[in-house]
Amino acid sequence: MKTIDWANLSFGYMPTDYNVRYNYRNGSWGELEISSSEYINMHMAATCLHYGQEAFEGLKAFRGKDEKIRVFRLDENAARLQSTCRGILMPELSTEKFRDAILKVIKLNERFVPPYESGASLYIRPLLIGTGAQVGVHPASEYMFIVFVTPVGPYFKGGFSTNPYVIIRQYDRSAPLGTGVYKVGGNYAASLRANKMAHDMGYSCEFYLDAKEKKYIDECGAANFFGIKNNTYVTPLSTSILPSITNKSLMTLAEEMGLTVERRQIPEEELDTFEEAGACGTAAVISPIQRIDDPEKNRSYIISKDGKPGKICTQLYNKLRAIQYGDEPDKYGWVTIVE
Ligand SMILES: Cc1ncc(COP(=O)(O)O)c(C=O)c1O
C-alpha cells in the first residue's frame, strides 16, 4: 500500500477503497450496496444527464487527538438534500438511510481519514441522480444515491489568511425564484464562467450580487458571506443562495460569544462599514476577506486594513474547528462519532 503524503494533499479526487449506493426502483429505496468500482453504469437517456436531475452534498469527517472519527452535522446535510429533492422532484432519502450510508462509507475507508496533526480531513460527497430514461422533460422513475469519500488537505496551508474577492456583474449564478437554494449541479455549471473570469483577473473567487437588482450581496463562489460590525454578525437573507450549514453553525457560535445575529439584505455599499468579513463553507470553514473589488463601478471595499484576519473571524474559526476535531465539547450535538 502506498503511503499518503497527508501534509501535501490538495482539494482533489483521490481513489479510495469503496463507495456505497442505494437504488430507487418501483417507488422505494432499496438496501445499501457496497461497491469498489469508481464507475456508474446507466442508461444514456437518464434524466441526470439531459435535464440536470442531480443533487449533491458535501461534508467532512475529522480524526481527533483521541483517534475518534467525527462527522460534522450530517443530519443537516440530510435535511438539505431532502429539500433539494423536493426542489427538483426527486424522491427524498430518509435521514436514517443517509446516516447509515455516510457512516458505512467512512468505516470502509477508515485508512483514508487523515491523522489529527495533519490538519487534513476526509471529504464526503453524497450524490443523488435520476437514472431512469426519459426523452420528454419529466422526472425519472428510477434514481441512484451514491456516496464516495476522498481525503483532502488543510485549506490554509500557510496558516489562516485573507483573500481579495471580485464582484462579477456579467453573469448570474441563480435567479431569485430559481434553484439557488438547492444544491443542484446546474447552479455550478452556471457559475463556471464567473469563476473563470475572477481567476483570469487574478482573484481566487467570484462574488455575486442578487440577480434581479444587482444591489444586494448574495454569495462568494461556493460559500456564504458574513460581515462583522458593532458586535453584530450580519449575513444575507436571499432566495438565491445556498443555506450554508457552516454559516448556520457560525451564527450559533456568534450568539454564544455575545454577538447579535442579523439575517437581512445587505446593500453593496454597506461593505464599506464592516470591521471584518468572511466567506464560509465546508471547504475552509471561514476564508477571511481582505477586500472586495467592483471593477465595473471602479470601487474597492477594503475590509482588512492590515491584511490579516480579524479577531472575531479568528475566534469563530478556532471554535468551530475545535468542535469538529473534538478538542472542545460538542454541546450542540453537531458531531456524530463513527463507531
Ligand atoms: C453555493 C454554495 N454556497 C455556500 C456553500 C457553503 O455551504 P456549507 O457550509 O454547507 O458547506 C456551498 C458549499 O457547500 C456552496 O456550494
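Residues numbered from 1 in each chain as written. Predicted model: local features only at pLDDT ≥ 70, side-chain atom pairs only at ≥ 80, totals over all residues. Heavy atoms only, no water.

1. With respect to the overall build of the chain
In terms of helices and strands, the chain carries six helices and 18 strands. At 20 Å, the chain has a C-alpha radius of gyration in line with the 20 Å of a compact globule built from 339 residues. Nonlocal contacts in the chain, meaning residues at least 24 apart in sequence, comprise 71% of its contacts between residues at least 6 apart. Roughly 15600 Å² of accessible area belongs to the chain as shown, and the carbon and sulfur atoms make up 50% of that amount. (Helix = DSSP H or I, 4+ residues; strand = E, 2+ residues; numbered from the N terminus. Rg over C-alpha atoms; globule rule 2.2 N^0.38 Å. Contact = heavy atoms within 4.5 Å. Areas by Shrake-Rupley, 256 points an atom, 1.4 Å probe, with all protein chains shown as cover.)

2. Here we look at the pairing of strand S8 (residues 143–152)
Counted residue by residue, S8 has nine buried out of ten residues, so it is predominantly covered. Where strand S1 (residues 19–25) and S8 come together, five bridges link them in antiparallel fashion. Within S8, the position partnered with tyrosine 24 by the bridge is tyrosine 143. Sheet topology places strand S7 (residues 121–130) next to S8; ten bridges connect them, and they run antiparallel. Looking at S8, one finds that leucine 127 is bridged to isoleucine 146. (Buried < 20%, exposed > 50% of the residue type's maximum accessible area, 1.4 Å probe, protein only. Pairing = 2+ DSSP bridges.)

3. Some points on helix H6 (residues 311–324)
For H6, with 14 residues, the first-to-last C-alpha span of 20 Å sits near the 20 Å given by 1.5 Å per residue. Among the residues of H6, those classed as buried are Ile312, Cys313, Leu316, Tyr317, Lys319, Leu320, Ala322, Ile323 and Gln324. (Expected span 1.5 Å × (residues − 1).)

4. Structural notes on the packing of helix H2 (residues 74–87) against helix H3 (residues 95–108)
In the contact formed by H2 and H3, the axes pass within 9 Å of each other and the chain directions differ by 125°. When the axis of H2 is compared with that of H3, the two are oblique. The handedness of the crossing between H2 and H3 is right-handed. Of H3, the residues touching H2 (which contributes Leu74, Asp75, Asn77, Ala78, Leu81 and Gln82) are Thr95, Phe98, Arg99, Ile102 and Leu103. (Axes fitted to C-alpha atoms, helices over the stretch in contact; angles between N-to-C directions. Parallel < 35°, antiparallel > 145°, perpendicular 65-115°, else oblique. Left-handed = near helix turned anticlockwise from the far one by under 90°.)

5. A few points about the site of the ligand
In the vicinity of the ligand, 16 residues are found, and the nearest of them are Tyr188, Glu219, Ser244, Thr246 and Thr282. Between the ligand and the protein, one listed contact pairs a nitrogen atom with a side-chain N or O atom of glutamate 219 at 2.5 Å. Secondary structure elements with two or more residues in the shell around the ligand: strand S12 (223–229), helix H5 (245–256) and strand S15 (276–281). Looking at the shell around the ligand residue by residue, the classes come out as six nonpolar, six polar and four charged. (Near = heavy atom within 4 Å. Polar contact = N/O pair within 3.5 Å; in protein donor to acceptor, adjacent residues only side chain to side chain. Nonpolar A, V, L, I, M, F, W, Y, C, P; charged D, E, K, R; others polar.)

6. Overview of the domain arrangement of the chain
The domain boundaries assigned to the chain delineate domain 1 (6–152) and domain 2 (163–324). Taken together, the 20 residues of domain 1 in the interface contact 17 residues of domain 2. Here domain 1 packs against domain 2, burying approximately 1700 Å² in sum over the two surfaces, 62% of which is carbon and sulfur. The largest contributions to the domain 1 side of the interface with domain 2 come from Phe56, Phe72 and Arg80, which together make up 36% of the buried area. Counting every contact that joins domain 1 to domain 2 gives one salt bridge. Here lysine 248 ties to glutamate 76 by a salt bridge, and the two come within 3.1 Å at their closest N and O atoms. Inspection of the domain 1/domain 2 interface yields eight residue pairs in polar contact (both at pLDDT 80 or more). Mapped by element, the contributors of at least two residues to the side of domain 1 that touches domain 2 are strand S4 (54–56), strand S5 (59–63), strand S6 (69–72) and H2. Partitioned by chemical class, the residues of the side of domain 1 that touches domain 2 number seven nonpolar, six polar and seven charged. (Domains from an automatic or database assignment. Buried area = accessible area lost by both parts, 1.4 Å probe. Salt bridge = Lys/Arg side-chain N within 4 Å of Asp/Glu carboxyl O.)

7. Observations concerning unusual backbone geometry
Glycine aside, residues mostly have negative phi angles, and peptide bonds mostly take the trans form. Positive phi outside glycine occurs at asparagine 26, with the angle close to 50°. The phi dihedral of lysine 214 is positive, around 55°, even though this residue is not glycine. If you trace the backbone, lysine 214 turns up in the loop between strand S10 (206–209) and strand S11 (217–220). Judged by its relative accessible area of 21%, lysine 214 is partly exposed.

8. Considering the pattern of salt bridges
Tallied over the full model, the rule gives 24 salt bridges. For lysine 297, the salt bridge is made with glutamate 269, and the minimal N-O distance between the two is 3.5 Å. One end of the pair, lysine 297, is in the loop between strand S16 (285–294) and strand S17 (299–302); the other, glutamate 269, is in the loop between strand S14 (260–264) and S15, and 28 residues separate them in sequence. By relative accessible area, lysine 297 is classed as partly exposed at 40%. One continuous salt-bridge network, built from bridges that share partners, spans Arg169, Glu268, Glu269, Asp294 and Lys297.

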